[in-house]
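# Summary of the model geometry
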Amino acid sequence: MAQSFESPFIVLEDARLNDDLIEHAAMSAFWNGGQNCSANMRQLIAAPLVEEFTGRIIERVKGFTLGDPLNPATDIGSMISKDHKELVMNYIQSGVADGAQMTMGGDSDLPGYFVEPTVFQGVTPEMKTAREEIFGPVLDIMPMKTAEEALAVASATDYGLHATVFTQDIDRALHIARSLPCGTVSVNGFSEGNIKTPFGGYKQSGSLARDNGTEALEQYLQTKTIWVQTATG
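Source: prediction; values computed, not measured.

## What to know about the pattern of salt bridges
Tallied over the entire structure, the rule returns five salt bridges. R172 is paired through a salt bridge with D14; the nearest N and O atoms lie 3.8 Å apart. Linking R172 in helix α6 (residues 170–179) with D14 in the loop between β1 (8–11) and α1 (19–30), this pair joins segments that are 158 residues apart in sequence. For D14, a relative accessible area of 22% puts it in the partly exposed group. The salt bridge involving E23 is made with R60; its shortest N-O contact spans 2.6 Å. Here R60 lies in helix α2 (residues 50–61) and E23 lies in helix α1, a separation of 37 residues in the sequence. Several salt bridges share partner residues, and in doing so they unite E13, D14 and R172 into one network.

## Quick notes on unusual backbone geometry
Look at N188: it is not a glycine, yet its phi comes out positive at around 60 degrees. Position of N188 relative to the elements: it lies in the loop between β8 (184–187) and β9 (202–203). The exposure class assigned to N188 is partly exposed, which follows from its relative accessible area of 36%. For N212, which is not glycine, the phi torsion reads 65 degrees and is therefore positive. Topologically, N212 is positioned in the segment after β9. A relative accessible area of 33% means that N212 is categorised as partly exposed.

## Description of the nonpolar core
By size, the foremost hydrophobic cluster in this structure holds 30 residues, and its most contacted members are I10, L44 and L180. Within the residue set of this core, elements represented by two or more residues are α3 (82–97), β5 (138–144), α5 (147–155) and β7 (162–166). Considering each element in turn, this core owes the most residues, five residues, to α5. In this structure, L180 is in contact with I10, L151, A154, S155, A163 and V185, ignoring residues within four places of it in sequence. Counting residues in hydrophobic clusters, the runner-up holds 25 residues, among them A26, A46, F64 and L139.

## A word on the side chain of T164
Here T164 is to be found in strand β7. A polar contact of 2.6 Å, which involves the side chain of T164, links it to the side chain of N40. Among all residues touching T164, those that are not within four sequence positions of it are P8, F9, I10, N40, S186, G189 and F190.

## Digging into the environment of G183
Structurally, the position occupied by G183 is in the loop between α6 and β8. The partly exposed category is assigned to G183, whose relative accessible area is 28%. For the pair G183 and G201, spaced 18 residues apart in sequence, the C-alpha to C-alpha distance is 4.5 Å. With sequence-adjacent residues up to four places away left out, G183 is seen in contact with G160, L161, G200, G201, Y202 and R210.

## Here we look at the sheet that holds strand β2 (residues 42–46)
Spatial ordering of the open sheet is given by β3-β4-β5-β2-β1-β7-β8, a layout of seven strands whose pairing is mixed. Strands with a single pairing partner mark the edges of an open sheet, and in this sheet they are β3 (101–104) and β8. Each strand axis lies, on average, 20 degrees off the axis of its neighbour in the sheet, ignoring direction. The pairing of β1 with β2 spans four bridges and is parallel. Residue pairing in the sheet places I10 in a bridge with L44 of β2. Contacts between α2 and the sheet are confined to β2, β3, β4 (118–121) and β5, with β5 contributing the most and set at about 170 degrees to the helix. Here α5 sits on the sheet and contacts β1, β2 and β5; the angle it forms with β2, its principal contact strand, is near 170 degrees.

## Focus on the pairing of β4
Alternating positions in β4 separate into two faces, T118 and F120 on one and V119 and Q121 on the other, with burial throughout. Taken together, the three bridges between β3 and β4 define a ladder with antiparallel strand orientation. When the bridges of β4 are listed, Q101 appears paired with Q121.

Cut-off values and rules
Along each chain, the written sequence defines residue order, and numbers are assigned to residues from 1. Since the coordinates come from a predicted model, pLDDT governs what is reported: local features require at least 70, and pairs of side-chain atoms require 80 or more to be given and counted, while whole-chain, interface and lining totals use all residues. Hydrogen atoms and water are omitted, and side-chain values are computed over all heavy atoms in the structure. Note on definitions: salt bridges are taken to be side-chain nitrogens of Lys or Arg within 4 Å of carboxyl oxygens of Asp or Glu. Strands are runs of DSSP state E lasting at least two residues, helices are runs of H or I lasting at least four, and both sets are numbered from the N terminus onward. Any residue under 20% of the maximum accessible area for its type is buried, any over 50% is exposed, and the rest in between are partly exposed; the area is computed with a 1.4 Å probe on protein chains only. Only buried Ala, Val, Leu, Ile, Met, Phe, Trp, Tyr and Cys residues count toward a nonpolar core, and they belong to the same one when joined by side-chain atoms within 4.5 Å. The contact definition used throughout considers only heavy atoms, calling two residues in contact when any of these lie within 4.5 Å. The term polar contact refers here to a pair of N or O atoms within 3.5 Å; inside protein, the definition further demands a hydrogen-donor-capable atom paired with an acceptor-capable atom, and it admits residues adjacent in sequence only when both atoms are side-chain atoms. Strands were regarded as paired on the criterion that DSSP finds at least two bridges between them. Angles run from 0 to 180 degrees between N-to-C directions of axes, and those axes are lines fitted to C-alpha atoms, restricted for helices to the stretch in contact.

Okay, structure coming up:
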């Protein structure tokens, strides 16, 4: 079975489901129409919070405006091409076929190359939408019984670019951040860092080089070692 590809967004049971968290969750999945390599489309939510989280995400996503990406009022533009729209719609259809509950979205009759923001719940790790990068406006909600289960599911991947974790316990946050096999982990907010922090992936995510930070300079340098043995006698 192919392993998970998408970057995870983890919400532990002690997280505060406030407007800030919901905004980060929605934008991490739907910014740029989900056409973002670090999009957190696979959201692993502590089971006791799933119902409230899902309701609030749907409420927020319903407020998104689809339209011309050059219009400042637009939240989500179109897919990059007709072929990509069809690919994203195929993923949505596979989610339905696999038994995920499509809570909102899925309209394939929008004009042009637009795809309606889509939210699935009841997603399980073996489903195609949870295993492969969709690169479109699709959010998968997966209930997790424990932090250990969330960490195991998030780590079961051949790729490792980005992850987000929400918790009030900084020790748990740092434990998960250090344990996740990915290049960037954002705590209590979705972020790729800034120009000072290196950005790149583990495993099969990218070339293993880094953008930004002083680490980005290393790929332009060629290192030479000159070892001189001093004469004896």
